[in-house]
Amino acid sequence: MELEVRHLRVLCAIADSGSISRAAAALGMSQPALAAQLQRIERRIGGPLFERGPDGVTATPLGAWLLVRSRSLLPAFEELERDTLRRAEAAGHARIRVGCAPTRLAIYVAKSLRTLLPDADVSLRTEQSLDPLPGLLAAERIELATLDDYPGHELSPPRGAVYGVIATEPLFVGLAHDHPLAGQDEVELADLADADWALPPVIEAGPREHFWAACAERGFEPRMSYGVNLDVALDLISEGRCIGLFQATAPARGRVTLRPLSGTPLRFRHLVGWSARGPLAAHAADLVHTVTKTYWSESMRAPVYRAWLKRHGPLDHGHSVTL
């Protein structure tokens, strides 16, 4: 294995976070995959680069030496990459790398880019969480990001990036099709106080605190029995073992029934972010307009959300939707 620029970025991420698990989350990798990659790098270098301890990792003398040189080299490589991409764009070969939070907005952005920039070279990568995306935008390692934020935890763009709001969407609850509350048009959150909940194993502070605060306002603390991915959660919910939260735009899920929460206690915003110096800057207004139009067009395909919109209207004041 030859030492590559991406390996230097890995080493810097581990040193900056002080933990292989935190570095893995920032890089959008699993912890075992990152640990294995570090072992391969150390074999290539010929010695350990980090010492593992109960509080994380610290650089060995060899690792510290390599990190100093890596930090001096990486800015030059990143500048070279940015300049090359700009020259390619000027020549009519725009490259758009999209980093996506784990929401359905990624699908709508992909469709919108095909309409807006049909000749662009577009690649998408979904991250396990949105935490690394602002930094990737600021470093111009991606040109576009799909993001989400929550009341009281609104995002601000990093230097060199711009954010645009697409829509505010309610969160619905997912119940087994034969759950006693599944036949109601809307469910009171307080009526779920005794339920077991399933949420993703990796969840940021914004959605976690928004959820806990909404439950606390209704007099209970949610019982988080399952920290699992979506596929496992769907099986557990369909068996009646727990309930979960879903986007209102989520598609039909077999034996899982989606129901709105009365009073809409849980909601979040869809955002897109782009590099202020990237190929999308000149198309920013059209980008936001096209993604927003696609979002609402696709939202009408979700029957429960469509019925909810007919009763309540969009959460974005002033936005009209044809039902």
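Residues numbered from 1 in each chain as written. Predicted model: local features only at pLDDT ≥ 70, side-chain atom pairs only at ≥ 80, totals over all residues. Heavy atoms only, no water.

Participant: Please explain the packing of helix 1 (residues 5-17) against helix 3 (residues 31-45) as it appears in this structure.
Facilitator: Packed helices, taken two at a time, are described by their axes: the angle between them and the distance between them. Their axes nearest at 11 Å, the elements helix 1 and helix 3 cross at an angle of 115°. The handedness of the crossing between helix 1 and helix 3 comes out as left-handed. Here Arg6, His7, Val10, Leu11 and Ile14 of helix 1 lie close against helix 3, whose contacting residues are Leu34, Gln37, Leu38 and Ile41. Grouping the amino acids of the contact of helix 1 with helix 3 by side-chain chemistry returns six nonpolar, two polar and one charged. (Axes fitted to C-alpha atoms, helices over the stretch in contact; angles between N-to-C directions. Helix = DSSP H or I, 4+ residues; strand = E, 2+ residues; numbered from the N terminus. Left-handed = near helix turned anticlockwise from the far one by under 90°. Contact = heavy atoms within 4.5 Å. Nonpolar A, V, L, I, M, F, W, Y, C, P; charged D, E, K, R; others polar.)

Participant: Would you mind showing me how to read unusual backbone geometry here?
Facilitator: Residue glutamate 140 is not a glycine yet carries a positive backbone phi of 60°. Assignment of secondary structure puts glutamate 140 in the loop between helix 6 (133-138) and strand 5 (144-149). A positive phi angle is found at threonine 264, which is not glycine, with a value near 50°. We classify threonine 264 as buried; its relative accessible area is 12%. (Buried < 20%, exposed > 50% of the residue type's maximum accessible area, 1.4 Å probe, protein only.)

Participant: Quick question: what am I supposed to make of the nonpolar core here?
Facilitator: Looking at soluble globular proteins, one finds that nonpolar side chains tend to be buried together. Of all hydrophobic cores here, the largest spans 30 residues; its most connected members are Ile96, Val109, Leu113, Leu144, Val272 and Tyr305. Those elements that place two or more of their residues in this core are strand 3 (95-100), helix 5 (105-116), strand 6 (161-176), strand 11 (267-275), helix 9 (284-299) and helix 10 (303-312). Contacts of tyrosine 305, omitting those with residues within four sequence positions, involve Thr168, Glu169, Pro170, Phe172, Ala248, Thr249, Tyr295, Trp296 and Ser299. In this structure, Leu171, Leu192, Cys215 and Ile243 belong to the second largest nonpolar core, which totals 20 residues. (Core = buried A, V, L, I, M, F, W, Y, C linked by side-chain atoms within 4.5 Å.)

Participant: In this structure, what is going on with a nonpolar patch on the surface? I would like to understand it.
Facilitator: A cluster of nonpolar side chains, contributed by Leu3, Ile45, Leu62 and Trp65, occupies part of the molecular surface with about 340 Å² of accessible area. Counting through the fold element by element, leucine 62 comes out in helix 4 (residues 61-90). (Patch = residues over 30% accessible without salt bridge, like charges linked within 9 Å, V, L, I, M, F, W, Y side chains within 5 Å. Areas by Shrake-Rupley, 256 points an atom, 1.4 Å probe, with all protein chains shown as cover. Salt bridge = Lys/Arg side-chain N within 4 Å of Asp/Glu carboxyl O.)

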